[in-house]
Amino acid sequence: MSKIHVIHENPVWLPPLAQAFDRIGLPWAEMDLSRGSFDLSQPPPEGVFYNRMSASSHTRGHRYAAELTAGVLAWLTRHGRRVVNGPAALDLEISKVRQYAALESAGLVIPRTVMVQDDSAALLAAARRHFAPGPLILKPNRGGKGLGVRLFASVEALEAHLEQAPAEEAPVDGIWLLQDYIRADRPVITRAEFVGGRFVYAVEVDTTAGFELCPAEACAVGDAFCPVGAQPAPPPAPRFRVLPQGIEPGLRSRLEGFLLRAGIDVAGIEFIRDAAGQPLVYDVNTNTNYNPEAEAAAGLAGTDRSGPGALAAFLAAELARGQRQAA
Ligand SMILES: Nc1ncnc2c1ncn2[C@@H]1O[C@H](COP(=O)(O)OP(=O)(O)O)[C@@H](O)[C@H]1O
Ligand SMILES: [Mg+2]
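Model, not experiment: these values are computed from the prediction.

## Here's the deal with the overall build of the protein
Secondary structure summary: the protein contains nine helices and 13 strands in total. For 327 residues, the compact-globule estimate of 2.2 N^0.38 gives 20 Å, and the protein sits close to it at 20 Å. Considering only C-alpha atoms, the protein reaches an extent of 65 × 45 × 35 Å along its principal axes. Relative to its full complement of 327 residues, the protein shows a buried share of 50%. Intrachain contacts of the protein at a sequence separation of at least 6 include 71% that bridge at least 24 residues. Element-wise, carbon and sulfur atoms account for 54% of the exposed surface of the protein, whose accessible area totals about 14900 Å². Positive and negative side-chain charges in the protein, numbering 31 and 36 respectively, have mean positions lying 5 Å apart.

## Some thoughts on the coordination of the magnesium ion (ligand 2)
Protein coordination at the magnesium ion (ligand 2) comes from Glu 270 (OE) and Asp 283 (OD), with a distance range of 2.0 to 2.4 Å. Here Glu 270, found in strand β12 (residues 267–273), pairs with Asp 283, found in strand β13 (residues 279–285); they are 13 residues apart in sequence, far enough to count as distant. As far as the burial class goes, Glu 270 and Asp 283 line up, both buried.

## A closer look at the site of ligand 1
The local shell around ligand 1 holds 21 residues, among which Lys 96, Lys 139, Gly 144, Gly 146 and Tyr 282 are the closest. Lys 96 places a side-chain nitrogen or oxygen 2.5 Å from an oxygen atom of ligand 1. In this structure, Gln 179 approaches ligand 1 through a side-chain N or O atom, which is 3.0 Å from a nitrogen atom. When contributions to the shell around ligand 1 are tallied by element, the ones reaching two or more residues are β6 (136–140), β8 (176–180), β12 and β13. Broken down by class, the residue content of the shell around ligand 1 amounts to ten nonpolar, five polar and six charged. Looking at which domains feed residues into the shell around ligand 1, each of domain 2 (113–180) and domain 3 (184–305) gives three or more.

## Considerations on the packing of aromatic side chains
Tallied over the full model, the rule gives three aromatic pairs. Look at Phe 194 and Phe 199: their rings are 5.8 Å apart centre to centre, the planes differ by 70°, and that puts the pair in the edge-to-face class. This pair shows no difference in class: Phe 194 is buried, exactly as Phe 199 is. One residue, Arg 112, lies across the ring of Phe 131, its end atom 4.5 Å from the ring centre.

## Thoughts on the domain arrangement of the protein
For the protein, the assigned domains read domain 1 (4–93 + 310–326), domain 2 (113–180) and domain 3 (184–305). Every contact between the two is made by 19 residues of domain 1 and, on the other side, 23 residues of domain 3. Across the domain 1 to domain 3 interface the summed buried area is about 1600 Å²; carbon plus sulfur atoms make up 54%. Of all residues in domain 1, the largest losses of buried area upon contact with domain 3 belong to Trp 13, Asn 85 and Ala 310, amounting jointly to 33% of the total for that side. The interface formed by domain 1 and domain 3 holds one salt bridge in total. Note that Asp 265 is salt-bridged to Arg 82, the shortest N-O span being 3.1 Å. Between the two partners, domain 1 and domain 3, sit eight residue pairs in polar contact (both at pLDDT 80 or more). Among the elements of the structure, β4 (83–84), α3 (87–93) and α9 (307–326) are those that each provide at least two residues to the side of domain 1 that touches domain 3. Across the side of domain 1 that touches domain 3, the residue classes break down as twelve nonpolar, three polar and four charged.

## A look at the sheet that holds β4
Strands sit in the order β2-β1-β3-β4 across an open sheet of four strands; the sheet is parallel. Both outer strands of the open sheet, β2 (28–32) and β4, are each paired with one neighbouring strand and no more. Strand direction decides the pairing type here: strand β3 (residues 48–51) and β4, joined by two bridges, are parallel. Following the sheet pairing, Phe 49 is matched in β4 by Val 83. Against the sheet, α9 engages β1 (4–8), β3 and β4, with an angle of about 145° to β3.

## Describing the packing of helix α5 (residues 120–131) against helix α6 (residues 155–164)
Between α5 and α6, the shortest axis-to-axis distance is 10 Å and the interhelical angle comes to 175°. With respect to α6, the axis of α5 lies roughly antiparallel. When α5 is examined against α6, the residues Ser 120, Leu 123, Leu 124, Ala 127, Arg 128 and Phe 131 are found in contact with a partner set consisting of Val 155, Leu 158, Glu 159 and Leu 162. When grouped by side-chain class, the residues that make up the contact of α5 with α6 number seven nonpolar, one polar and two charged.

Rules behind the numbers
- Residues numbered from 1 in each chain as written.
- Chains lettered and ligands numbered in written order.
- Predicted model: local features only at pLDDT ≥ 70, side-chain atom pairs only at ≥ 80, totals over all residues.
- Heavy atoms only, no water.
- Helix = DSSP H or I, 4+ residues; strand = E, 2+ residues; numbered from the N terminus.
- Rg over C-alpha atoms; globule rule 2.2 N^0.38 Å.
- Buried < 20%, exposed > 50% of the residue type's maximum accessible area, 1.4 Å probe, protein only.
- Contact = heavy atoms within 4.5 Å.
- Areas by Shrake-Rupley, 256 points an atom, 1.4 Å probe, with all protein chains shown as cover.
- Lys, Arg positive; Asp, Glu negative; His and termini not counted.
- Charge placed at Lys NZ, Arg CZ, Asp CG, Glu CD.
- Donors = N, O, S within 2.8 Å, 3.2 Å for Na, K, Ca; no water.
- Near = heavy atom within 4 Å.
- Polar contact = N/O pair within 3.5 Å; in protein donor to acceptor, adjacent residues only side chain to side chain.
- Nonpolar A, V, L, I, M, F, W, Y, C, P; charged D, E, K, R; others polar.
- Domains from an automatic or database assignment.
- Phe/Tyr/Trp six-rings, centres within 6.5 Å; stacked < 30°, edge-to-face > 60°.
- Lys NZ or Arg CZ within 6 Å of the ring centre and 35° of its normal.
- Buried area = accessible area lost by both parts, 1.4 Å probe.
- Salt bridge = Lys/Arg side-chain N within 4 Å of Asp/Glu carboxyl O.
- Pairing = 2+ DSSP bridges.
- Axes fitted to C-alpha atoms, helices over the stretch in contact; angles between N-to-C directions.
- Parallel < 35°, antiparallel > 145°, perpendicular 65-115°, else oblique.

Here's what the structure looks like:
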């Protein structure tokens, strides 16, 4: 029987989706690509494939899961399988630089960013040249969960950090990004969720406790990173809040236009408003997770206006469409 194959490498993110799929009786199976072997001379299984490979897979010991997934997606599409968040989506998931190019092409504004592939000395020289006196953000090009994202109050603070921790946490693809620190009026970011290329809702996330902002319940434990110079993280508070007013129509249609052009069906897109209220978009998560408490507080839990609910309804429609075409 035809079903949804969920491509992933982190089982702890699956239960909320499993619940929503099971609630509507959607047939599905996991396809764990943390590792695997595939006979490329054979056709893949029937069904619709939903790719949730994550940019942060290497941080869970799955260094080559994204590369394996790129190969599997090529095999699936060569055989005409429908892949939700297909090869183009994976390509952006694992590179912020490529995200930024696609975002700007779609008329969105990104923070000023310099890409560096070299040693600490080159990183520091680029920081001095483009961001002195600071503040500035340092982040890996292939990101995820905020790991390795750091705020420095000054170029000197970056220098001190690099002296102390030279190469210990080089980005997995070798590329660092230096970025303007966006000063917002309030310590919040906004994450807008899209399913089937359409806006579902936006959450505001409090960033007071650090930059690791994964919305999944499974991510809510562990050591939150503190911006350099900040106090240790305060006790966890409700950090995610669904915005009843959503986002402005112009921004929504530019983001939907970006997703269409980029071949992305499902994403959580993050932006910060600067002091003038302009949204600067800095992160696209094609492997998005949803915050259950925020959805419950907004009365969305268990409905098709929740993230997992919207996803289940969308995938069910894609499966039905595939079956009609095959008939
Ligand atoms: N340019 C920036 N200005 C201010 N805060 C930022 C900036 N870039 C990242 N941050 C903070 O760090 C968090 C993680 O950065 P992000 O680029 O989303 O990396 P990741 O892909 O690992 O989630 C953001 O959600 C935000 O809170
Ligand atoms: Mg992010």
